[in-house]
Every structure is written in structure tokens, then in C-alpha cells.
Amino acid sequence: MTEQEFIKNLTELNITPPSDALAKLKTYCTFLQNYNKHTNLTAITETKDIYLKHFYDSLTIIKVIDLNTINTLLDIGTGAGFPGLVLKIFYPDLEVTLLDSNNKKLKFLEELCEKLDLKVTLVHARAEEYIKDKREYFDLVTSRAVASLPILSELSLPYVKVNGYFIALKGEAQNEIQSSSHILPTLNSKIIEIKEFTLPIEESKRTIIKIEKLKPTSPTYPRPYNQILKDYK
Ligand code: SAM
């Protein structure tokens, strides 16, 4: 996807970029490509692929939520900042926290945010561990390409405020949706929307799952990671 195609597809998503957003993405793209030469951050390195599979893909979340109604966002397993940092660039009023267990990705994000003059909270931790500081704090938790839906639900929903949302960005997800039918009621949450579509140009399948938290989650969740894994192998 060229920058021109990216801009055209933003119009189709009804997104009007803030005046500095496209310049920020250009810097983001070049910095990611250069950094990736010495530190492995992503397998997607061609400019046109970064625009499609990282930048555009991150923004497709707006198919299921109006980000102007959200104040606090946590992106779990953000990696090189997807989708959380792209959303901050397009919705600068969001209070964004980017969490990842991999320190080299946090180091990259720290340098990038400095370069782009973006104020976000960067957290080097595992999702199961950071919970003690921020239980039921966020309006929205996002996650892309981190774990299967039942595992992610257990990691993410304890952070979500009552009446807030967890949104998972996935490829094909029917099996995962089915296998989360037991854990979601246990976490007092339910799927309220599933949006299936294909990415422009390459037409690979995408599924966005929007989950609402209806009541507080028991403080016994999330359980230690090895215990979660045992249930969802
Ligand atoms: N979300 C990014 C994206 O879509 O490009 C990165 C995806 S990458 C495949 C998965 C990331 O999740 C890695 O950076 C990894 O360190 C992080 N991760 C996996 N399990 C995690 C956990 N329990 N807590 C925090 N980060 C985790």
C-alpha cells in the first residue's frame, strides 16, 4: 500500500488524520526499518507492507469503536507499537499505555516516542504481573497477534473498567471465538461485536472481536501464565 493508497483508504474508514500524522508515520516507518537492521522487531520491513499490515491494519479498529469516546487505552504485547502507538498518532488525546515483556521493543518505543514527541506510558512487564497496579483502570484494552482469544481475554479483561471494552485484532478467529465461550462469562464479559473483512490489496482475512465487561472481574484473574496455558493448550 503506497502512502497515496493509505490516505485513500483512511477516507473510506472515515478517518481524517491530524495535520502531523502522515509526517509522523513516515518517520516511524524509516526509524523502524533502520532499527530492524540491528534489532529484530518485525518481519514486515518493506515500506508498502508497513503501511498496509502495520499502520492501516492498526487503524481498522475504528470499524468497531469511536476512539473519540475513549480516554484510557492499554495495548498488551504492543511489540513495535501496533496498534497502540499508531492510534496515539491519530487520536492524540488518548492516554495510551504500551506494555510488552520484551525490553528491546520497549527501548525502541522509547527512542521513537522521543523522536515523534509523543507522550505515552511505556511498561516493561508481563501482562499477568502489571495487573496489581492497574486493575479495572482502562476504558479500552487492545491486543494484536499476542495469544489465542481465551488466553488474551484472561490477560486483558481484568484491566478493563466495568462497561469498558477489550478489542482483539485477529486473522481467522472462529475456533478461538468458540473456545473462549467458557472463560468470558467467568470474567463477567461478553462478545458484543465480531467484524470480519479482508485487508485491501492483498485481501487476507481479518477478524475484530469486541468484548464488553459487564461486571467486575474476580481478583483471582489473571492466574499465573503456566496455569492459564494448561487450560488452553
Ligand atoms: N502487537 C504487535 C503487533 O501486532 O505487531 C506485536 C506482536 S508480537 C507477535 C507479540 C508481542 O507480545 C511480543 O512483543 C511479546 O514480547 C509480547 N508478549 C507476549 N506475551 C506477553 C505477555 N504475557 N505480557 C506482555 N507481553 C507479551
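Not measured: the values here are computed from a predicted model.

Account for the state of the cysteines, naming residues and giving values.
Summed over the entire model, instances satisfying the criterion amount to zero disulfides. Unpaired in terms of disulfides, Cys29 finds its nearest cysteine sulfur in Cys113, a separation of 16 Å.

Break down the site of the ligand for me, with residues and values.
In the vicinity of the ligand, 17 residues are found, and the nearest of them are Gly77, Phe82, Asp100, Ala127 and Arg144. In this structure, Phe82 approaches the ligand through a main-chain N or O atom, which is 2.8 Å from a nitrogen atom. Asp100 places a side-chain nitrogen or oxygen 2.6 Å from an oxygen atom of the ligand. Alone, the ligand offers 600 Å² of accessible surface; in the complex the protein occludes 79% of this.

Account for helix 6 (residues 127–134), with residues named and values stated.
Helical geometry: 3.6 residues make up each α-helical turn, so side chains three or four residues apart lie on a common side. Ala127, Glu128, Tyr130 and Ile131 are the residues of helix 6 that are buried. Take helix 6 and look down its axis: the buried residues cluster within an arc of 155 degrees, on one side only. Facing away from the buried side of helix 6 by over 90 degrees, the exposed positions are Lys132 and Asp133. Where helix 6 is buried, its residues touch strand 1 (72–76), strand 2 (95–100), strand 3 (121–124), helix 7 (149–156) and helix 10 (225–231). Among the residues trailing helix 6, Glu136 stands out with phi positive, at a value near 50 degrees.

Give me unusual backbone geometry: which residues, what numbers.
Residue Pro83 follows Phe82 across a cis peptide bond; omega there is 5 degrees. With respect to the helices, strands and loops of the structure, Pro83 is situated in the loop between strand 1 and helix 4 (84–90). With a phi angle near 55 degrees, Asp117 is a residue other than glycine that sits in the positive phi range. Position of Asp117 relative to the elements: it lies in the loop between helix 5 (103–116) and strand 3. Despite not being glycine, Asn163 has its phi angle at roughly 75 degrees, a positive value. Checked against the element boundaries, Asn163 lands in strand 5 (residues 160–170).

Thresholds, definitions, all that
- Residues numbered from 1 in each chain as written.
- Predicted model: local features only at pLDDT ≥ 70, side-chain atom pairs only at ≥ 80, totals over all residues.
- Heavy atoms only, no water.
- Disulfide = S-S within 2.5 Å.
- Near = heavy atom within 4 Å.
- Polar contact = N/O pair within 3.5 Å; in protein donor to acceptor, adjacent residues only side chain to side chain.
- Areas by Shrake-Rupley, 256 points an atom, 1.4 Å probe, with all protein chains shown as cover.
- Buried < 20%, exposed > 50% of the residue type's maximum accessible area, 1.4 Å probe, protein only.
- Helix = DSSP H or I, 4+ residues; strand = E, 2+ residues; numbered from the N terminus.
- Arc of directions from axis to C-beta.
- Contact = heavy atoms within 4.5 Å.

All quantities given are derived from atomic positions and should not be read as evidence of function.
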